[in-house]
Amino acid sequence: MDTEALMKILAELRPDVDFEENKELVDSGELDSFDIVSLVGELCDAYDIEIGADDIVPENFNSVEAICALITRLQED
Amino acid sequence: MMGWKKGIGIMLRCIAFVLVFSMFFSHTTNLLMRHDDESNEIHAFYGEPEDSIDVLYIGSSPLLRGVSPMVMWKEYGFTGYVRASALQAPAVSYGLLAESLRKQSPKVVVLLCDNIFLEYDYTEREGDLRRGLDGMKMSLYKLDIIREVTEADERQSALSYVFPLMRYHERWKEIDLAEDKPEPLLEHSFQKGNVFLGYNAGLDYPEGFMQPTGQPAPAFNADAQAYIEKSIALCREKDIPVVLLHLPKMAWSFEESMAVEQFAADNGVVYLDLDREENRTQLGIVPQEDYYDKGHMNLRGSVKVSRWLGKWLDERYALPDHRDDPAYAESWNADWAEYARKAGLEE
Amino acid sequence: MAFTSFRFVVFLAVSAALYFLTPKRCRWVTLFVVNYVFYFLAGGRYFVYLLATTLTTYLAAVMLGNMASKNKTAFAEAKAGLDKEGRKAWKAAFARKKRFVLVPALLLNFGILSILKYSGFVCNNLNALFARLGVGGELPIFRFLLPLGISFYTFQSMGYLIDVYREKVEPERNLAKLALFISFFPQIVQGPIGRFNTLAEQLFRPNEFSYTRVKFGVQLMLWGAFKKMVIADRVAVMVDNIFGFPETLGGCYVAVAALGYCIQIYGDFSGGIDIATGAAQIFGITLDKNFERPYLATSIPDFWRRWHITLGAWFRDYVFYPLSLSKFFQKLGKAGRRVFGNYIGKLLPVLIPQFIIFFLIGIWHGAEWKYIAFGVYNGTLIVLGILFEQPLKNLAKRLGIRMECFSWRVFQVLRTLVLVALGKIITRAPGVSASVYMIRSMVENWDTNIFWEGGMLKLGLDEKDLWILFLSCCALLTVSLLQESGVKIRETLAKQNLYFRWAVYLGAVFSLVLFGVYGLNYDASDFIYRGF
């Protein structure tokens, strides 16, 4: 999977967040629900996937790795 | 699972904490509780030695003001105690009697009967209930009263009767910590429940006092009647004679007097009405001198009443004379001395 | 059975003793029985509503679970023969099938809630409308008494059902266990709203007795009772006196009342939650956090992340995400970008659902116009906050205002507090027009004699009460600041020596007994949140 595109999306969304280091993006409150919705919109367009409300759990968005895993899973489904 | 040793340690610590807590709690209760003469006097009854009281008086404020066991001690040598409080609820009277009879076996029980006509509204009379109950130790009898009160008035909580601090807690505002010291309830009373008042109202009997009016007597209150009957039954069970007493009071009528007399006869007890013409004359009550207000004797009246009533009781029930009994004399003579001093009577 | 009543304390002590005396295998059964006894004692006549919700939730969840397991095997067999589009179509078809079970269950349960809570309001307003239009006829108005905790247990059980629908949790196949999850007595009255995946397991497992935990639980309950009885119920006297006469008192009074009401409702609600959480802790159960020092929030969204957290989270997970990620709003967002440009367009799928959520949170609080106004007020603030976030940041930069310092943070906190307090005026005032009047008088009629001419003392609290109120608020603020900086109060206390600890405990209990507002001559004001 193309991590670079993902990092670019993330950086555009929240330039102030250190996505490499932070492994608790949601649990620490760094990403709020608005960020998540915007991010999901971008991801759906970029990777041609469908992320539903049931995929929105902190575990899926807490780190870049988790987000990658989510995208990969949805692409394979 | 925690070890036994640790468990016992924790348990001991909890018990110690509860003890310390109770100490503070009762200390604070004593500091904040409103002290009425009545609660003190009712409580001091517990200080009397077992089986030492010959006559027990139970009822409302006319007794509190009008009957002095100390005068009777001085004159006739028998002992007595008045457990009275202002507008005592019939349930409280019964509870006090039943509780008293567990430790004392009086030769006579005197019940004040005026309230048999009274509709007692618990929601309106919290203060009077407290006066009667705050001095009473916890017992099944007290719990019965509390249950009856809180069932009738849901604003009042049982807890506040069990722990009066819960009722008086807001009095922290009135307390001056430098001045007010915690005051436990009285343990020994020199006046044996008789809180006399010196004031003279200078009254006159109302017109037609104790004359038949032709009107029917007011009906008894069913609850009050039931409690008096219950009290009589309890005394009968213990083989103690009962006197239904009416003390001088200007708001009393011939018809009421007759009704209570009939009630006493029906229940097989003696009725003594001090407002009946023949008794009044013997007592020598002077309305302009002996009344504190319309409903109560003042000190002067109470001494007259007590002398006469003491004689009446002494003769009728052959009460013992303890004046030379070393088990009584010291304590009762000391109390008499204090009573006489406070009341300004001759020793 | 109010949380601060002696009966509740006795009930809790007895049920905890029963729980730990029960053999481990059956502890959850004891808990279940205790819950139903509690519900029966507290609001017996309304049992049927709780049972209806429990049964329908149970049945729907089991059906969904069965469908899911059947679908899994069928999909595993068919999977190889399907391309990507085929797999998508299969999923969509299955989701549609599941909705035939989910939607009726949701409609039924939220329907019961809405009819009980809102039918009076709706009919009243329709009648008023008919009268104005000159249409004859009048709808009958039924006044329902709300079953205890209905808003809370309905939300909790529907959250569970949606989780099952989303295949996040396995359906509970033991009816009694599900009933236990829906009726846990510390939280059924006023929350926090629990989630099946965190709460259920704690309820079903046999929890061991732990002295430390029980002690912490009791401490938290004492603190909650302090907030409610010493602070909230005391300040309530003053607040009621001002809100009772909105026309006669000037702006300063309104400001004092608004601040007072902020303190009251926080003390009352979070106090109740602390009691619930402490009570649960005695049983070894950790409830979700419901408050995180809301008045230290730096913005309105921050406030809503700290205030009634479980309700906000519920709306976020079950309403906000589904709405804003729905095809409709995603399309709207794309269309919006073309019309309004990237910045606003991107925000549309967030802003509109957000507004809807606050409308719902508003009416969740009660069936009155003022709660709708309250929802709209908060929704508007949030939307404006987002829209102007960037421009304001730019402005601050241009003015050279430093934003990474303590003073700025204090400014933010105060600003948020003022906005929140204005919102509280809306919910506390007798009606929308009264609140408008009160807010206006703060601008037009700044009557300051509340401070100089003993005005404070005419509001039902004497000087000593005001001192107690002030000191206890200071204690509350200190504790909040300590917690905000990461200090764990109870753990820190446990490390102190015995004398200090006992002094603290005694002080806590006696300040409740002496300074608590309770007993006669005082209306036992139940928790404000209970009826919701």
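Residues numbered from 1 in each chain as written. Chains lettered and ligands numbered in written order. Predicted model: local features only at pLDDT ≥ 70, side-chain atom pairs only at ≥ 80, totals over all residues. Heavy atoms only, no water.

Asks: Can you walk me through the domain arrangement of chain C in this structure?
Replies: Where the parts come together, the accessible area they lose is often given as the size of the interface. Residue and element names in this part refer to chain C. Split into domains, chain C comes out as domain 1 (6–209) and domain 2 (210–294 + 448–519). Relative to domain 2, the C-alpha centre of domain 1 lies at a distance of 32 Å. If you look at the interface, domain 1 gives 25 residues, while domain 2 gives 20 residues. A buried area of about 1700 Å², summed over both sides, lies between domain 1 and domain 2, and 69% of it is on carbon and sulfur atoms. (Domains from an automatic or database assignment. Contact = heavy atoms within 4.5 Å. Buried area = accessible area lost by both parts, 1.4 Å probe.)

Asks: Teacher, can you tell me more about the interface of chain B and chain C here?
Replies: Each partner contributes to the interface: chain B provides 23 residues, whereas chain C provides 22 residues. Both sides of the chain B and chain C interface together cover about 2200 Å² of buried area, and 74% of this is carbon and sulfur. Contact with chain C buries surface across chain B, with Phe17, Trp172 and Lys173 of chain B losing the most and accounting together for 29% of the total. With its nearest N and O atoms 2.5 Å apart, the salt bridge here joins Lys173 of chain B to Asp465 of chain C. At the junction of chain B with chain C, the criterion picks out seven residue pairs in polar contact (both at pLDDT 80 or more). Broken down by secondary-structure element, the contributors of at least two residues to the side of chain B that touches chain C are helix H1 (4–32) and helix H9 (165–168) of chain B. Broken down by class, the residue content of the side of chain B that touches chain C amounts to 14 nonpolar, three polar and six charged. (Salt bridge = Lys/Arg side-chain N within 4 Å of Asp/Glu carboxyl O. Polar contact = N/O pair within 3.5 Å; in protein donor to acceptor, adjacent residues only side chain to side chain. Helix = DSSP H or I, 4+ residues; strand = E, 2+ residues; numbered from the N terminus. Nonpolar A, V, L, I, M, F, W, Y, C, P; charged D, E, K, R; others polar.)

Asks: Got a minute to help me understand the interface of chain C and chain A in this structure?
Replies: Contacts between the two partners involve 22 residues from chain C and, on the opposite side, 22 residues from chain A. When chain C packs against chain A, the two sides together hide about 1800 Å² of surface, and 59% of this comes from carbon and sulfur. A salt bridge links Lys88 of chain C to Glu50 of chain A, with the shortest nitrogen-to-oxygen separation between them at 3.9 Å. Where chain C meets chain A, there are one residue pair in polar contact (both at pLDDT 80 or more). Going through the elements one at a time, helix H4 (84–133), helix H12 (309–324), helix H13 (327–340), helix H14 (342–365) and helix H15 (369–399) of chain C are the ones with two or more residues in the side of chain C that touches chain A. Considering every element that reaches the side of chain C that touches chain A, the biggest residue donor is H12 of chain C, with five residues. Of the residues belonging to the side of chain C that touches chain A, the class tally is seven nonpolar, three polar and 12 charged.

Asks: Would you mind going over a nonpolar patch on the surface with me for this structure?
Replies: Residue and element names in this part refer to chain B. A cluster of nonpolar side chains, Trp4, Ile8, Met11, Leu12, Ile15 and Leu19, forms an exposed patch at the surface whose accessible area comes to about 740 Å². Relative to the assigned elements, Met11 resides in helix H1. The exposed category is assigned to Met11, whose relative accessible area is 53%. (Patch = residues over 30% accessible without salt bridge, like charges linked within 9 Å, V, L, I, M, F, W, Y side chains within 5 Å. Areas by Shrake-Rupley, 256 points an atom, 1.4 Å probe, with all protein chains shown as cover. Buried < 20%, exposed > 50% of the residue type's maximum accessible area, 1.4 Å probe, protein only.)

Asks: I'm lost on the pattern of salt bridges in this one. Help?
Replies: Side chains bearing opposite charge may pair, as long as their charged atoms lie close to each other. Counted under the stated rule, the structure contains 46 salt bridges over all chains. Note that Glu65 of chain A is salt-bridged to Lys23 of chain A, the shortest N-O span being 3.1 Å. On the criterion of sequence distance, the pair formed by Glu65 of chain A in helix H4 (residues 64–76) and Lys23 of chain A in the loop between helix H1 (3–13) and helix H2 (33–47) is long-range, its members being 42 residues apart. Here Asp335 of chain B and Lys192 of chain B are joined by a salt bridge, their closest N and O atoms 2.8 Å apart.

Asks: When you look at the sheet that holds strand E4 (residues 242–246) of chain B in this model, what are you seeing that I'm missing?
Replies: In a beta sheet, neighbouring strands are held together by backbone hydrogen bonds and run either parallel or antiparallel to one another. Residues and elements named next belong to chain B. Taken in spatial order, the five strands line up as E2-E1-E3-E4-E5 in an open sheet, and their pairing is parallel. Of all the strands in the sheet, the pair left with one neighbour each is strand E2 (80–84) and strand E5 (270–273). For this sheet the average axis-to-axis angle between neighbouring strands, irrespective of direction, equals 20 degrees. One ladder, built from four bridges, connects strand E1 (residues 55–59) with strand E3 (residues 108–112); its direction is parallel. Paired with Val55 across the strands is Val108, a residue of E3. (Pairing = 2+ DSSP bridges. Axes fitted to C-alpha atoms, helices over the stretch in contact; angles between N-to-C directions.)

Asks: Hey, could you run me through the packing of helix H16 (residues 406–428) of chain C against helix H17 (residues 432–444) of chain C in this one?
Replies: Two packed helices can be described by the angle between their axes and the distance between those axes. Residue and element names in this part refer to chain C. For the pair H16 and H17, interaxial distance at closest approach is 8 Å and the crossing angle is 140 degrees. Each of Leu422, Ile425 and Ile426 in H16 lies in contact with H17, whose residues at this interface are Ser435, Met438, Ile439 and Met442. The residue makeup of the contact of H16 with H17, split by class, is six nonpolar, one polar and no charged.

Asks: How should I be thinking about the packing of aromatic side chains in this particular structure?
Replies: Here a ring pair, both rings aromatic, is described through the centre-centre distance and the interplanar angle of the planes. All names here are of chain C. Going through the model one piece at a time under the given rule, you end up with 72 aromatic pairs over all chains. Taken together through their ring pairs, the aromatic side chains of Phe3, Phe8, Phe11, Tyr19, Phe20, Phe38, Phe184, Phe185, Phe209 and Phe283 make up a single cluster. The lysine or arginine in question, Lys98, covers the ring of Tyr165, its NZ or CZ lying 4.9 Å from the ring centre. For Arg428, the ring lying beneath its charged end belongs to Tyr261, and the centroid distance is 5.9 Å. (Phe/Tyr/Trp six-rings, centres within 6.5 Å; stacked < 30°, edge-to-face > 60°. Lys NZ or Arg CZ within 6 Å of the ring centre and 35° of its normal.)

Asks: Help me understand the pairing of E1 of chain B, please; the structure alone is not making it clear to me.
Replies: On a regular strand, one side chain projects to one face of the sheet and the next to the other, so that they alternate. Residues and elements named next belong to chain B. Across the five residues of E1, five count as buried, placing the element largely inside the fold. Taking every second residue as pointing to the same face, both faces of E1 are buried, with Val55, Tyr57 and Gly59 on one and Leu56 and Ile58 on the other. Where E1 meets E2, five bridges bridge the pair, whose relative direction is parallel. Within E2, the residue paired with Tyr57 across the bridge is Val82.

Asks: Got a minute to help me understand the side chain of Gln219 of chain C in this structure?
Replies: Residues and elements named next belong to chain C. Positionally, Gln219 belongs in helix H9 (residues 211–243). The buried category is assigned to Gln219, whose relative accessible area is 13%. Each residue touching Gln219, except ones within four places of it in the same chain, is listed here: Arg490, Leu493 and Tyr505.

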